[in-house]
Structure formats: structure tokens, C-alpha cells
Protein chains: 2
Amino acid sequence: MKLRIQKNDFTQALQSVQKVAANKSNNLSSENGLLIKALNDVIEIQANDYDMGIKTIVPGIIEEAGEVFLWDPHLSELTRRINSDEIILTKNESNSQMTIHGGKLTYRYVTMNTEDFNEVEVVEQGYAQFEIDSVTLKELIDNTSYACATDTSRPVFTGTFMDVSEKSLSMVATDTHRLALKSTVLEQSATDDIQAIIPSRLLTEVSRQLPTDVPVVVKVTAVRNYLAIQFGNVYMRTRLIEGIFPDYRRVIPTEFQNIITVNRSEFTEAVERISIVAKDAQYNVINFEIKNNQIKMTSQDPDHGTVEDSVECNMSGEPLAISFNGRFILDLLRHCHKDEIFLKCRENSPMLVQDKDQGNCVFVVTPMRTR
Amino acid sequence: MKLRIQKNDFTQALQSVQKVAANKSNNLSSENGLLIKALNDVIEIQANDYDMGIKTIVPGIIEEAGEVFLWDPHLSELTRRINSDEIILTKNESNSQMTIHGGKLTYRYVTMNTEDFNEVEVVEQGYAQFEIDSVTLKELIDNTSYACATDTSRPVFTGTFMDVSEKSLSMVATDTHRLALKSTVLEQSATDDIQAIIPSRLLTEVSRQLPTDVPVVVKVTAVRNYLAIQFGNVYMRTRLIEGIFPDYRRVIPTEFQNIITVNRSEFTEAVERISIVAKDAQYNVINFEIKNNQIKMTSQDPDHGTVEDSVECNMSGEPLAISFNGRFILDLLRHCHKDEIFLKCRENSPMLVQDKDQGNCVFVVTPMRTR
């Protein structure tokens with residue numbers, strides 16, 4: 001094998017597959033590492049573990065076809081620092097040594113048997129398929145997956161639920177204390193309905209790779225036990241979580257005593273200040289007292305002191321006192337974007353938070369009982 | 001007590017004393033925490049632990065004199081985020097509660113008995129004194145203290161040696177495998193000679209605080225068991241390490257077989273590339289082969305592969321093969337600044353590295369025996 005690849009192209013491709021290639025969660029060497037395959041006039045780089053497979057195409061010149069399977073933690077960093085625009089990869093068929101060459105640097109290392117690599121299969125047709133642009137998909141992932149559970153005792157809650165029906169696509173995640181839901185309307189109906197729970201940490205990796213400078217078309221294909229996501233030169237597939245996701249629509253409150261409009265950044269800064277003290281309080285409790293068009297917040301760190309702060313707001317309904325875990329409030333505020341947001345409350349009931357006049361993304365958080 | 005202080009002034013003063021105030025290395029509450037003292041028409045903030053004491057003056061309005069001793073990990077962050085230019089600190093003499101108020105935020109907390117705080121004494125006259133500008137002192141510290149030992153088995157090597165004789169000031173640190181020495185000439189002779197070993201981690205804190213935008217005069221006073229450093233509104237004192245620092249002048253080689261001139265950034269980049277692999281090799285070994293006006297570097301990570309790289313150089317003398325710990329070479333290169341540097345070598349002997357044509361700062365590193 002002999003390949004000539006531009007340094008920037010190679011670096012980008014390695015960064016793309018790196019996280020999957022470096023996965024040590026399993027010890028089967030055949031599932032770790034990466035495959036560079038230069039057959040059929042195209043240079044592909046692949047990585048594959050039990051959870052996720054990724055394949056990307058790198059532009060370059062194939063002077064001699066071939067393939068190598070390697071596991072090398074230095075490759076990506078070394079490539080990035082090579083003092084040359086072009087990198088040459090060579091491997092003699094007679095031995096298992098591969099050489100990477102650029103500038104005055106030469107790096108030689110032993111490769112593995114390519115037959116031990118479990119290739120990423122591309123499935124063109126699953127039971128359902130739809131298209132979406134990369135920016136919208138990234139927003140759907142980023143605004144929802146953060147709310148999932150990290151505790152693995154109930155696996156369905158560690159995932160984000162993808163719910164597709166005709167032109168409607170919703171994504172939702174919950175850890176049972178809070179929930180995030182975002183929906184969008186597809187330009188064209190999906191070929192069939194999809195209900196899939198995708199591990200949130202894999203979605204984070206998908207989100208990291210989705211291009212946002214210029215939106216590109218992403219093709220999503222649902223297969224029985226995995227989901228394939230394809231855009232540009234990249235093909236990814238992620239494992240699914242088996243199980244039934246609870247009926248999230250029933251969790252979202254619809255009746256409120258108070259509807260509060262508040263400036264997002266003023267409210268966020270006040271909650272951040274209170275949280276400095278609240279984070280050392282038990283359960284990170286912040287008490288909210290809403291009356292006379294003002295939200296007063298208090299918290300107490302028993303070892304140090306008590307803090308209070310307040311912001312102006314617009315409210316309808318009676319005065320209300322309610323307590324929340326401050327971290328949950330900060331988490332959801334990070335996913336609001338408009339100048340003003342709505343807080344919709346009822347005593348002792350979950351609160352609904354959303355950007356003002358924007359119903360396609362809602363956050364629900366359960367209050368704490370402090371009295 | 002009632003004080004009005006500009007937020008920025010208070011934040012800066014808290015940042016200045018914070019590291020000392022937060023020191024938990026001892027559990028005597030009287031040595032932790034900070035003292036705010038507004039007596040005699042001046043607002044002082046002090047922190048003091050066994051190793052280091054610091055006192056800084058904050059501009060502000062004293063509406064009512066008083067002092068408080070407090071330990072509060074939230075104070076600095078909370079102050080920084082307060083939504084107001086002015087901060088009001090109040091304490092009633094009747095109880096031990098202090099209130100900090102700014103914007104709509106109110107923070108109340110319990111303070112400690114000021115008599116339990118061990119105040120930072122200012123000594124005007126020690127056994128010797130000299131003045132230096134803050135930029136020069138910072139350079140002396142930063143270019144030398146990094147080379148000290150982190151292993152505390154031989155305490156003198158965890159410090160940086162300050163050697164003052166008339167107008168000559170040298171600072172030197174070594175961990176016995178490498179040494180860094182930087183000297184300067186003072187504008188005025190010190191009032192007496194100083195030989196003091198200062199804990200390097202305390203010097204790092206001094207260096208962090210020294211102003212470099214505009215050089216200011218720093219007054220250094222040597223007292224029997226500590227050193228006092230005074231600049232602007234800040235007064236710091238650091239503990240000294242007892243013991244005899246070895247005669248560093250004898251360690252610095254003076255006879256060489258080869259004098260090599262090399263471009264600093266080209267050489268550094270090549271060593272950085274080799275180090276990606278070398279850091280996984282035993283003892284981080286990089287082999288240097290210097291001949292035909294070229295420095296060839298190789299290293300081997302037994303689990304992965306071998307790497308080689310080279311840079312052009314100008315050399316006098318015979319070819320030379322010598323090995324070093326790559327981390328030591330990278331550390332010292334970070335403290336060279338000129339476009340070109342000198343490497344002065346002799347087989348199996350320590351190498352001397354310095355900026356070209358600049359003898360006031362030298363680095364010495366001992367080779368490794370690999371054969």
C-alpha cells in the first residue's frame with residue numbers, strides 16, 4: 001500500500017474516528033483500533049466498537065492499493081504536528097510494518113491482521129428512513145440529550161427517545177426528575193414511523209461531528225437494532241437501547257396557576273449567583289418565592305451563610321412558593337435562547353419552561369418538597 | 001463596620017489573597033481564612049498560613065471602622081458575579097454576622113473571632129535589602145524555579161536559591177538531573193549579601209502576582225527565617241528552607257567538544273513530535289545523533305513503534321551520540337526565547353543550553369546512559 005494524503009484531510013478523518021477507535025470499553029482487539037482501506041479507488045478510514053461504528057472517506061492519491069489495521073494512540077497527535085502539507089503512508093506486503101512519512105519525520109510501527117477487524121457495514125435500506133438538515137438535528141440532540149439519566153439502573157433513561165411519525169420528529173430525554181422535549185417538522189415524511197432509544201453519549205458524538213458551518217443533508221436510517229446516520233463523507237451507526245420509553249406526553253403539564261415571563265439572562269445570572277452557595281446545600285435547593293412581579297430566590301449553605309437575590313418578572317396568577325434543584329434550573333436555562341422565557345407553574349407540580357412564544361422545545365422540572 | 005468598595009477593587013484584592021486564604025494544609029482555623037481590617041483609615045485584606053503571609057490594601061470608603069475574620073469559599077466567586085459596581089460590607093458589633101450587599105443580592109454569614117487571626121507583621125528592616133523591577137524578578141523566578149525537585153526527600157532541592165552579592169543577583173534551581181540559572185545586575189547594591197532558599201511553589205505564587213504590564217519597583221527584604229516582598233499595595237512574606245544549597249557554579253560545565261547552533265522553534269517542534277512517542281518509552285528517552293550539521297532524534301515506544309526526525313544545525317567538533325530525558329529538554333526549551341540557541345555538549349557529560357549570545361541564563365541537563 002502507498003497513499004499520499006493532505007495532512008489536513010488525514011487529521012480531520014482521524015479526529016472523526018478517534019473517539020470510537022480509542023474505545024477501551026471492551027478488550028477485544030478486533031473491535032478496537034482503526035482500519036485504513038484503500039481498495040476500489042477510494043480511501044476509507046473506519047473504527048468500530050460494540051456501541052458505534054464510523055466510516056469516513058478521505059481524499060488522496062492511491063499509488064498502490066492495500067489496507068492496514070492498526071491501533072496506535074500517537075497517530076492523530078503525530079499527524080497533526082507533522083511539518084509538511086502531504087503525508088505518505090506505506091506498507092510492504094512482505095511484513096506487517098507501516099510507515100508514515102512527512103517532512104523529515106518517519107514513524108514505523110507494527111500493524112495487525114486486517115481480517116481481525118470487524119468492518120462497518122453500510123445498510124442502504126432499513127425499515128424506515130428520513131432526511132433532515134445537520135443544524136436542525138444537532139439542535140434536537142443538544143437541547144434534549146443532556147436531560148437523560150447517568151445512572152444506568154434503568155437503561156431506557158440513559159438514552160434519548162426519537163419519535164418519528166410522518167413529518168413529525170420529536171426527541172425527548174428524561175431522568176424522571178426533569179425532561180427535555182424538542183420537535184420539528186420534516187420537509188418530507190419518513191418512509192415509516194420510528195420509535196428508537198439511542199444512547200445519549202453516542203448522540204453526543206454524533207452531534208460533535210455534524211457540520212454546522214453550512215447545513216448538510218443528513219440521512220437517517222432505522223434498522224431493527226441500530227440507527228444509521230449519513231452525511232457528507234461520514235457514515236455512523238449507533239446501537240439502540242431495548243425497552244419501552246414512557247409516554248412522555250402525559251408527563252408534560254398543561255394546567256398552570258401562574259405564567260411568568262422573565263428576562264432570560266437576568267434570571268440566569270441570578271440563579272448562577274445563588275448556585276454558588278446552593279451547590280454546597282443539601283440537594284442544591286433553591287427556594288423561589290414569586291409575588292408582586294418579582295422572583296425572589298434564597299438558598300442556605302449550613303456551613304457558611306444564607307444568600308438571597310431577586311429579579312423582576314411579569315406574572316399572572318396568585319403568589320407562589322416552590323423549590324427546585326438549582327442544577328436542573330441552570331441546565332435547562334443553558335438550552336433557552338430567546339431574550340424572554342416563560343415559566344409555567346402550579347403549586348407542588350412540575351414547572352414547564354420554554355422560550356417565549358416558542359412551543360417546539362419545552363423543559364419540565366419537578367419541584368422538591370422542602371416543607 | 002460598614003465599607004463601600006468598588007466591585008473590581010474588591011475582586012482583585014480577594015484574588016490576590018485567595019490562594020493563601022484557601023490553604024488547607026493546616027487545620028488551625030486561626031491560620032486559615034482572611035481578615036478584612038478597616039481601622040486607621042485604610043482597608044486591608046490579609047491572609048496568612050505557615051508558609052506565606054499576604055496583605056493588600058483596597059481603596060474604598062470606611063463609613064464605620066471595624067474588622068472581620070472570615071472563612072468563606074464562596075466570597076470571591078460571588079463578588080465577581082455581583083450585578084453592581086459597588087459592594088457594601090456591613091457587620092453589627094452586636095452579633096458575629098457579616099452582610100455583603102450588591103445589586104439585589106444579599107449574603108449573610110457568620111464570622112470568626114478576629115483575635116484568632118494571626119496578623120501579617122510588616123518588618124521594615126531585615127539583615128539585607130535590595131530593589132528590583134517586577135518584570136526582571138518575574139523572569140528570574142519563571143526561568144529557574146521550574147527546574148526544582150518535586151520529591152521532598154531532600155528539601156533544599158524543592159526550593160529556588162537566591163544568591164545576592166553586592167549588585168549581582170542569581171537565582172538557581174535544580175533537581176540534581178537538571179539545573180536552571182539566571183542572573184541579573186542590580187541598579188544598586190544590596191545592603192548586605194543574601195543566601196536564601198525559597199520554596200519554589202511559593203515563588204510561583206509571588207510570580208503570579210508581580211505586575212508585568214508596567215514594571216513596578218519591588219523591595220525585597222531578607223529576615224532570618226523569611227523573605228519579605230513588597231510592591232504596589234501588596235506585601236508578601238514567604239518561609240525559607242533551612243539547609244545548604246550545593247555550589248551550583250561547580251555543576252555548570254565549561255569545556256565542550258561540540259558547540260551547536262540551532263533554530264529554536266524548528267528544534268522545539270521536532271522534539272515535541274518525538275516526545276509524542278517518547279513519553280510512552282521508558283524514562284522518556286530521546287537519542288540525539290549530531291553529525292554533518294544535522295541533529296537526528298529517535299525514540300521508541302516498545303508497544304507501538306519507532307520514530308525519527310531531524311533538524312539542520314550549525315556545529316563545531318566531532319560527531320556525537322547522546323541521550324536525554326525528553327521532558328527535561330522540552331522544559332528548558334520553553335524557557336529559551338531567541339531565534340537561535342546554543343547546545344554545548346561533551347560525550348557522557350551534562351549539556352549546557354542557552355539563548356545564542358546570551359550568557360545570563362543557562363540550563364544544564366544530565367545525559368542518560370542507554371548503552
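Position numbers for residues start from 1 in each chain and track the written sequence from start to end. Labels are handed out in written order, letters beginning with A for the chains and numbers beginning with 1 for the ligands. Since the coordinates come from a predicted model, pLDDT governs what is reported: local features require at least 70, and pairs of side-chain atoms require 80 or more to be given and counted, while whole-chain, interface and lining totals use all residues. The side-chain figures draw on all heavy atoms in the structure; neither hydrogens nor water molecules are used.

**Some details on the overall build of chain A**
A count of helical and extended segments in chain A gives seven helices and 26 strands. Taken along its principal axes, the extent of the C-alpha atoms in chain A is 80 × 50 × 35 Å. In what follows, a contact means two residues having at least one pair of non-hydrogen atoms within 4.5 Å. Long-range pairs, those at least 24 residues apart, make up 67% of the contacts in chain A with a sequence separation of at least 6. Using the Shrake-Rupley algorithm and a 1.4 Å probe, accessible areas are obtained, with residue cover drawn only from the displayed protein chains. If you sum the accessible surface of chain A, you get close to 17,400 Å²; carbon and sulfur atoms cover 43% of it. By the counting rule applied here, Lys and Arg register as positive and Asp and Glu as negative, while His and the ends of each chain are not counted. By convention, the charge on Lys lies at NZ, on Arg at CZ, on Asp at CG and on Glu at CD. Treating the 38 positive side-chain charges of chain A as one cloud and the 52 negative ones as another, the clouds have centres 3 Å apart. Helix and strand definitions follow DSSP, with helices as H or I runs of at least four residues and strands as E runs of at least two, each counted in order from the N terminus.

**Quick look at the environment of B:Leu333**
Residues and elements named next belong to chain B. With respect to the secondary-structure elements, Leu 333 resides in helix α6 (residues 326–333). Here the alpha-carbon distance between Leu 333 and Asn 263, two residues 70 residues apart in the chain, equals 11 Å. Other than its neighbours up to four places away in sequence, Leu 333 contacts Arg 264, Phe 267, Thr 268, Val 271 and Ile 341.

**Details of the relation of the copies chain A and chain B**
With an RMSD of 0.0 Å, the fit of chain A onto chain B corresponds to turning through 180° and sliding 0.0 Å along the axis. With respect to symmetry, the two chain copies, as superposed, fit the operation of a two-fold axis. Interface residue correspondence from chain A to chain B reaches 100%, placing this contact among same-surface, isologous pairings. A least-squares superposition brings the copies together, and it is based on the C-alpha atoms of residues with pLDDT no lower than 70 in both.

**Quick notes on the packing of helix α1 (residues 7–21) of chain B against helix α4 (residues 200–209) of chain B**
All names here are of chain B. To get an axis, a line is fitted to the C-alpha atoms, and for a helix only the part in contact is used. The angle between two axes follows their N-to-C directions and goes from 0 to 180 degrees. Interhelical geometry of α1 versus α4 gives an angle of 175° and a closest axis separation of 11 Å. By the angle between their axes, α1 is roughly antiparallel relative to α4. Contact with α1, carried on its side by Gln 15, Ser 16 and Lys 19, involves Glu 205, Arg 208 and Gln 209 of α4 and no other residues of that element. Here the contact of α1 with α4 is built from residues that sort into no nonpolar, three polar and three charged. These descriptions rest on fixed angle ranges, namely under 35 degrees for roughly parallel, over 145 for roughly antiparallel, 65 to 115 for roughly perpendicular, and the rest for oblique. Each residue gets one of three labels, nonpolar for Ala, Val, Leu, Ile, Met, Phe, Trp, Tyr, Cys and Pro, charged for Asp, Glu, Lys and Arg, and polar for the others, Gly among them.

**Brief notes about the domain arrangement of chain A**
The domain limits used here are those given by an automatic or database domain assignment. Along its sequence, chain A is carved into domain 1 (2–116), domain 2 (128–249) and domain 3 (252–365). Placing a centre on the C-alpha atoms of domain 1 of chain A and another on those of domain 3 of chain A gives a separation of 50 Å.

**Brief notes about the UniProt feature "domain: DNA polymerase III beta sliding clamp C-terminal" (unreviewed entry) in chain A**
Sequence positions flagged by UniProt for "domain: DNA polymerase III beta sliding clamp C-terminal" (unreviewed entry) are, in local numbering, residues 249–369 of chain A. Note that residues 249–369 of chain A is 21% helix and 44% strand, and that its end C-alpha atoms are spaced 24 Å apart. UniProt positions are given in the numbering used here, feature names are shortened, and annotations may be inferred rather than shown by experiment.

**Considerations on the interface of chain A and chain B**
Chain A puts 31 residues into the contact, and the matching count from chain B is 31 residues. Using a 1.4 Å probe, buried area is obtained as the accessible area two parts lose upon being combined, added over both of them. In total, chain A and chain B occlude about 2,900 Å² of area from one another, counting both sides; carbon and sulfur atoms represent 52% of this. Only one rule defines a salt bridge in this text: a Lys or Arg side-chain nitrogen within 4 Å of an Asp or Glu carboxyl oxygen. Joining chain A to chain B, the criterion identifies six salt bridges. In this structure, A:Glu308 and B:Arg108 form a salt bridge, with 3.9 Å as the shortest nitrogen-oxygen distance.

**Concerning unusual backbone geometry**
Unusually for a residue other than glycine, A:Asn284 sits at a positive phi of about 60°. Its identity as a non-glycine residue notwithstanding, B:Asn292 has a phi of 50°, on the positive side. With respect to the helices, strands and loops of the structure, B:Asn292 is situated in the loop between β19 (285–291) and β20 (294–300). Judged by relative accessible area, which is 70%, B:Asn292 ranks as exposed. Exposure categories follow from relative accessible area, calculated using a 1.4 Å probe and restricted to protein chains: below 20% of the type maximum is buried, above 50% is exposed, and the middle band is partly exposed.

**Section: α6(B)**
Residue and element names in this part refer to chain B. Taking burial as the measure, the eight residues of α6 include seven buried ones, the bulk of the element. Residues of α6 that are buried: Gly 326, Phe 328, Ile 329, Leu 330, Asp 331, Leu 332 and Leu 333. As used in this structure description, the phrase polar contact means that two N or O atoms lie within 3.5 Å; if the pair is within protein, one of them must be able to donate a hydrogen and the other to accept it, and residues adjacent in sequence are counted only when both atoms belong to side chains. Its side-chain oxygen at 2.8 Å from the backbone nitrogen of Arg 327, Asn 325 defines the N-terminal cap of α6.

**Structural notes on the sheet that holds strand β14 (residues 194–199) of chain B**
All names here are of chain B. The pairing criterion for strands is at least two bridges between them, as found by DSSP. In spatial order, the strands read β14-β11-β12-β13-β26-β25-β24-β18-β22; together these nine strands make up an open sheet with antiparallel pairing. For this open sheet the edge positions go to β14 and β22 (314–316), each flanked by a neighbour on one side alone. Strand-to-strand twist in this sheet, taken as the mean axis angle between neighbours without regard to direction, amounts to 15°. As paired elements, strand β24 (residues 340–345) and strand β25 (residues 351–355) share four bridges and run antiparallel to each other. For Lys 344, the partnering residue across the bridge sits in β25 and is Leu 352. Across the sheet, α4 lies against β11 (159–165), β12 (168–174) and β14, angled at about 90° from β14, the strand it touches most.

**Focus on the pattern of salt bridges**
Summed over the entire model, instances satisfying the criterion amount to 46 salt bridges over all chains. Residues A:Asp309 and A:Arg273 are paired through a salt bridge, measuring 2.7 Å at the closest nitrogen-oxygen approach. Of this pair, A:Asp309 sits in strand β21 (residues 305–312) while A:Arg273 sits in helix α6 (residues 264–278), placing them 36 residues apart in sequence. Residue A:Asp309 shares its accessibility class with A:Arg273, and that shared class is buried. Where B:Arg178 meets B:Asp331, a salt bridge forms, and the shortest distance between an N and an O atom there is 2.9 Å.

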